[in-house]
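Listed below, chain by chain, are the residues.
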Amino acid sequence: GRKDLRTIGTGNMRLFQNGIEIKGIWSKPNAEERLRFIDENGYEVFMNAGKTWIEVVDSLERLSVK
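Residues numbered from 1 in each chain as written. Predicted model: local features only at pLDDT ≥ 70, side-chain atom pairs only at ≥ 80, totals over all residues. Heavy atoms only, no water.

As a further point, take the overall build of the chain. The helix and strand tally for the chain stands at 0 helices and 3 strands. Walking the chain from its N terminus toward its C terminus, one meets helices and strands in the order β-β-β. Principal-axis analysis of the C-alpha atoms places the extent of the chain at approximately 30 × 30 × 25 Å. Sorting the 66 residues of the chain into buried and exposed places 20% on the buried side. Put simply, 24% of the contacts in the chain that link residues at least 6 apart link residues at least 24 apart. Roughly 5,800 Å² of accessible area belongs to the chain as shown, and the carbon and sulfur atoms make up 49% of that amount. Taking the average place of the 11 positive charges on the side chains of the chain and the average place of its 10 negative ones, the gap between the two points comes to 5 Å. (Helix = DSSP H or I, 4+ residues; strand = E, 2+ residues; numbered from the N terminus. Buried < 20%, exposed > 50% of the residue type's maximum accessible area, 1.4 Å probe, protein only. Contact = heavy atoms within 4.5 Å. Areas by Shrake-Rupley, 256 points an atom, 1.4 Å probe, with all protein chains shown as cover. Lys, Arg positive; Asp, Glu negative; His and termini not counted. Charge placed at Lys NZ, Arg CZ, Asp CG, Glu CD.)

What follows is the structure, encoded as structure tokens:
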């Protein structure tokens, strides 16, 4: 039941923070680099202090938000 997902490289992302949806890309060039989230304007999005939940999905096309 496990999914084989790519975690090195880049891809589209939707990030939700402080009640706001931020669209952009994620980027992780190699295993030694940290994961970065870049918004549609090219700015890096930093996580708030505290607990963070990251969900990896195989396609944003089927993602729905209510």
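Anyway, onward from the coordinates.
As judged from the 9 bridges shared by strand β1 (residues 9–17) and strand β2 (residues 20–28), these two strands associate in the antiparallel manner. The partner of Q17 across the bridge, within β2, is I20. The turn linking β1 back onto β2 is made up of 2 residues, and N18 within it adopts a positive phi angle of 55°. (Pairing = 2+ DSSP bridges.)

Time to look at the nonpolar core. Formed by M13, L15, I22, W26, F37 and V45, the largest nonpolar core amounts to 6 residues. If we skip the residues at most four places from it in the chain, L15 touches I20, E21, I22, F37, V45 and M47. (Core = buried A, V, L, I, M, F, W, Y, C linked by side-chain atoms within 4.5 Å.)

With that settled, consider the side chain of D39. Here D39 lies in strand β3 (residues 36–39). For the buried D39, no salt bridge is present, and the opposite-charge side chain at shortest range is R36, 13 Å distant. (Salt bridge = Lys/Arg side-chain N within 4 Å of Asp/Glu carboxyl O.)

Time to look at unusual backbone geometry. The general pattern is negative phi for most residues beyond glycine and trans for most peptide bonds. Backbone geometry places N18, a non-glycine residue, at a positive phi of 55°. Position of N18 relative to the elements: it lies in the loop between β1 and β2. N18 sits in the exposed class, given a relative accessible area of 63%.

Moving on: the environment of P29. Following the sequence through the fold, P29 ends up in the loop between β2 and β3. Apart from residues no more than four positions distant in its own chain, P29 is found in contact with I8 and G9.

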